[in-house]
Amino acid sequence: MDKIIEQTDIDRVDGIQKVTGTAKYSAEYDFPGMVYGVLATSNITKGIINAIDTKAAENAPGVLAVITHLNCPELPGYKSTPEQDKLVPTKKGYKVFADNIIRFNGQPIAIVVADTFERATHAASLIKANYTKEKHNTDFDEAIKSGTPLEGNNFKEYVRGEANAWINAPVKIEAEYTMPIEVHLPMEIHGITVVWDGEDKVTLYEKTQSLSGTQRNIVRTFGLKEENVRIITQFIGGAFGSAFNTWPHSMAALIAGRKVGKPIKLMLTRNQMFNLVGYRPEAKQKLGLGASADGKLMGITHEAIAMTASYNEFTEGIVNGSRSLYECPNVNTTYKVFPLDLSQPTWMRGPGETTGAFALESAMDELAYALKMDPIEFRLKNYAETDLERKKPYSSKYLKECYELGAEKINWKERNPEPRSMKEGDWLIGYGTGSGIFSAWRGAAKAVAKLLPDGTMILQSGVTDMGPGTATAMTNLAAETMGLSHTKISFEMGDTNLPPGPMQGGSGTTSTLGTAVFAACENMKKKLAAMIKDNAVFHTEIVHEVKVEDLVFENGYMMLKTDKTKKISYAEVIKSAGLSELEISEDSKGNPMLNHSAFSYAVHFVKVKVHSKTGVIKIDRAVSAVDAGKIINNKTAESQIIGAVVGGIGMSLMEEGVIDHRYGRWVNNNFADYHVAVNADVPNIEVLFVDKPDPVLNPIGAKGMGEVGIVGFAAAVTNAIFHATGKRIREIPVTADKLI
Ligand code: MOS
């Protein structure tokens, strides 16, 4: 632990490029001879393709190739090994065009390549498949009734103390909470541009949160050398977890591009975004909570049931937050997953915890009412000072400060706790709260810093930025650490030719990459100090050798601490040494956190207005207080939480994926029918940071904040609706029809 950074907040370094439209996204690269790929997709849900007629498509104007399972080239990664053959179906996965099996409605059955996008789209519409249908099930309720949950290590029961202890508590509640499929739907639709150089070398512009993960997947599937697979992702227009996987459409574009030997571009349609790039799984959760009459938790039982695809076991930590958010001696949790004939779910903002906290934080509110206790007071009464699940102290925990900051801001103490007691004209007023927890961690990363003879610095790391402002935060951090104006620092990212960076996700990018950037800057200062140790500028009568501890680094100069007039610029040092650049490469290791348990926290407060006659719900105020450790850049950090809260508004009031189970097909796979929060739904969101450094996790003191900003928000809304109306709605989204 070196030191904690002091910082000022710089503007988003790529802001101008983004708002002026010069930032390039993956489907915006053009090359001479570019061709376009369009997918044809299945219109049955389960079965096999008996025959596929591609003649009309092949003969359509401008078409260069049509690829299906019948003519897809043999790929090294498609060969099944004896080990893979032994896997259960839910672990086998799905490889595009590898076989004639249909696993979900809308599965790609062909890719058509043509000289224009319109011609490819037209030709794709001419493809006809003949199927043998099998009986499918896409209905979660039906699967729970008559299906079998998956088995294995991911589904072990957790018991601490006594199981189901809540039943014997003097005050108790039991309730079931349900939530539907939710879809990420970033503004930027997933797209890819592929440029093959022969059969063995490829460059792709791909929407991905993980450059190295994408590179690995392509190396494996196509049997290529790592150095022959270059991934470039300069900008991402949002992803929220939908861009970790290398999805079937990307593999299809790669296969097609190699076949036709031309640069190819493929962009999904908005409705394909609903079933080809993952979604948050539907879930049902039962909570049993019990407490002593004075409000001490005696038992928590959290049972969650979720769904996955028949070909892919996706799991997430839905029940994990319930094990450690509160101090409770008796906790048991179960987690079950049923396979359905749908495309696979994936991580979506605050994966697991967002789903789990909706249930836990609703149940906490219900129990607080049963106890006739204030919901915040109840949480404080059960504040966990150590992590009882892992039996470890916290690296840092400022959840108490979050309760206080948020309650103060929304004026919580002025609320009348009685449900349906507060009114403004025809509107019923309600206040609610919900808390969030999300693991903080730090992975391994590499960063390179180069100081140039003109006094500017270049930072490099092969990371991507889906919007949180990674380049801005890293520039901010480097400017403060180096004592150099941020205008003299540029951050190069988004390319596998750069030193391998971390993935963007899991709320770990700043902690992980920041550690490497900080270490690179610190070592750069040591190196600079060593280069000038004999420099006469710093000599006094008694001192003839300066050490790094004797110096301050400010505004591009090394200065003697005791006499700042004795100074030399970094540029001067590099120039006089005759160097073209001074390079520091830093490999920072992940932190296994052996002795501590690390989490970020959020407490959300919401004021809702519910129209007494129509049931229309408006979020009037949203205050989120967050402990994410030290804040590196307040502007981008605030935006990050605002974005999470907007997602939380959608989750609690609007978002719901609807599937017609007769056909296994999406009903509302477009922005007209799948509602997300828009400007009119979003109040002024007030974000408060505790802004205290975590002294253990990393030397920069930052935890993570991408996920925790949405965790617990939906419960804050439903709890506020209960306070306003006296109606406890346990099924999100809460729409007006559920209130009248
Ligand atoms: Mo996030 S679900 O790690 O993009």
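Only a predicted model underlies this, so the values are computations on that prediction, with no experimental measurement involved. (Residues numbered from 1 in each chain as written. Predicted model: local features only at pLDDT ≥ 70, side-chain atom pairs only at ≥ 80, totals over all residues. Heavy atoms only, no water.)

Another aspect to go through is the domain arrangement of the chain. The domain architecture assigned to the chain consists of domain 1 (35-134 + 187-238 + 243-276), domain 2 (283-441 + 594-739) and domain 3 (442-588). Just the C-alpha atoms count here: the centres of domain 1 and domain 2 sit 37 Å apart. Listed per partner, the contact involves 19 residues of domain 1 and 21 residues of domain 2. Note on domain 1 versus domain 2: buried area summed over both sides is about 1,700 Å², and carbon and sulfur give 60% of it. Applying the counting rule to domain 1 against domain 2 returns one salt bridge. The closest approach of N and O atoms between glutamate 313 and lysine 91, which form a salt bridge, is 3.7 Å. Run the count over domain 1 and domain 2 and you get eight residue pairs in polar contact (both at pLDDT 80 or more). For the side of domain 1 that touches domain 2, the per-class residue count stands at six nonpolar, eight polar and five charged. (Domains from an automatic or database assignment. Contact = heavy atoms within 4.5 Å. Buried area = accessible area lost by both parts, 1.4 Å probe. Salt bridge = Lys/Arg side-chain N within 4 Å of Asp/Glu carboxyl O. Polar contact = N/O pair within 3.5 Å; in protein donor to acceptor, adjacent residues only side chain to side chain. Nonpolar A, V, L, I, M, F, W, Y, C, P; charged D, E, K, R; others polar.)

With 98 residues, the main nonpolar core has Leu367, Val608 and Leu653 as its most contacted residues. Ranked by residue count, the leading element in this core is helix H10 (residues 353-371), at nine residues. Discounting residues that sit within four places of it in the chain, leucine 653 has contacts with Ile617, Ile619, Val717, Ile721, Pro733, Val734 and Thr735. Residues Tyr78, Trp196, Trp666 and Tyr674 belong to the second largest nonpolar core, which totals 56 residues. (Core = buried A, V, L, I, M, F, W, Y, C linked by side-chain atoms within 4.5 Å. Buried < 20%, exposed > 50% of the residue type's maximum accessible area, 1.4 Å probe, protein only. Helix = DSSP H or I, 4+ residues; strand = E, 2+ residues; numbered from the N terminus.)

Okay, the environment of serine 42 next. Tracing the chain through its elements places serine 42 in the loop between strand S1 (35-41) and strand S2 (47-53). Judged by relative accessible area, which is 3%, serine 42 ranks as buried. Taking the C-alpha atoms as reference, serine 42 lies 6.1 Å from isoleucine 109; in sequence the two are 67 residues apart. If near-sequence neighbours (up to four positions away) are discounted, serine 42 is found in contact with Ile102, Phe104, Asn105, Gly106, Gln107, Ile109 and Tyr131. Within the structure, serine 42 has its side chain in polar contact with the backbone oxygen of isoleucine 44 (distance 3.0 Å). One polar contact links the side chain of serine 42 to the main-chain carbonyl oxygen of phenylalanine 104, over a distance of 3.2 Å.

Glancing now at the pattern of salt bridges. Within this structure, the stated rule accounts for 32 salt bridges. Where lysine 296 meets glutamate 327, a salt bridge forms, and the shortest distance between an N and an O atom there is 3.3 Å. Placement of lysine 296 in the loop between strand S13 (283-291) and strand S14 (297-309) and of glutamate 327 in the loop between helix H9 (321-324) and strand S15 (331-340) is noted, with a sequence separation of 31 residues between them. Glutamate 327 sits in the partly exposed class, given a relative accessible area of 29%. In the salt-bridge network here, residues are joined through shared partners; they are Arg323, Asp387, Glu389 and Arg390.

So, on to the sheet that holds strand S18 (residues 422-424). With respect to topology, five strands assemble into an open sheet ordered S18-S19-S27-S28-S31, the strand pairing being mixed. Only two strands of the sheet have a single neighbouring strand rather than two, namely S18 and strand S31 (685-689). Taken over all neighbouring pairs, the strand axes of this sheet differ in orientation by 25° on average, direction set aside. With three bridges joining them, S18 and strand S19 (residues 427-439) adopt antiparallel strand pairing. Along S19, the bridge assignment pairs methionine 422 with isoleucine 429. Of the strands in this sheet, S18, S19, strand S27 (599-611) and strand S28 (617-627) touch helix H17 (residues 713-725), which is tilted by about 155° from S19. (Pairing = 2+ DSSP bridges. Axes fitted to C-alpha atoms, helices over the stretch in contact; angles between N-to-C directions.)

As a further point, take the packing of helix H7 (residues 211-222) against helix H8 (residues 248-260). Between H7 and H8, the shortest axis-to-axis distance is 12 Å and the interhelical angle comes to 50°. As far as their axial angle goes, H8 and H7 are oblique. As H7 runs across H8, the sense of the crossing is right-handed. Two secondary-structure elements touch here, H7 through Asn217, Ile218, Thr221 and Phe222 and H8 through Met251, Leu254, Ile255 and Arg258. (Parallel < 35°, antiparallel > 145°, perpendicular 65-115°, else oblique. Left-handed = near helix turned anticlockwise from the far one by under 90°.)

It is worth spelling out unusual backbone geometry at this point. Residue isoleucine 732 is joined to proline 733 through a cis peptide bond whose omega torsion reads 0°. Within the secondary structure layout, proline 733 lies in the segment after H17. A positive phi angle, close to 55°, is found at asparagine 164, a residue other than glycine. Here asparagine 164 lies in the loop between strand S7 (158-160) and strand S8 (171-179). Positioned with a positive phi, phenylalanine 240 is a non-glycine residue whose angle comes to about 60°. With respect to the element layout, phenylalanine 240 can be found in the loop between strand S11 (229-232) and H8.

Turning to the packing of aromatic side chains, a few remarks are in order. Taken as a whole, this structure holds 20 aromatic pairs when the rule is applied. Look at tyrosine 29 and tyrosine 205: their rings are 4.0 Å apart centre to centre, the planes differ by 25°, and that puts the pair in the stacked class. Placement of the pair is tyrosine 29 in the loop between helix H1 (15-20) and S1 and tyrosine 205 in strand S10 (residues 202-206), with a sequence separation of 176 residues. Taking relative accessible area as the criterion, tyrosine 29 reaches 11% and is therefore assigned buried. Residue class for tyrosine 205 comes out buried when judged on its relative accessible area of 10%. A ring pair is formed by tyrosine 394 and tyrosine 601, whose centres lie 6.5 Å apart and whose planes are at 85°; its orientation type is edge-to-face. Here the residue tyrosine 394 occupies a position in the loop between strand S17 (392-393) and helix H12 (399-410), and tyrosine 601 occupies one in strand S27, the gap between them amounting to 207 residues. Both residues of the pair, tyrosine 394 and tyrosine 601, belong to the buried class. Taken together, the aromatic side chains of Tyr29, Phe31 and Tyr205 make up a single cluster linked through ring pairs. (Phe/Tyr/Trp six-rings, centres within 6.5 Å; stacked < 30°, edge-to-face > 60°.)

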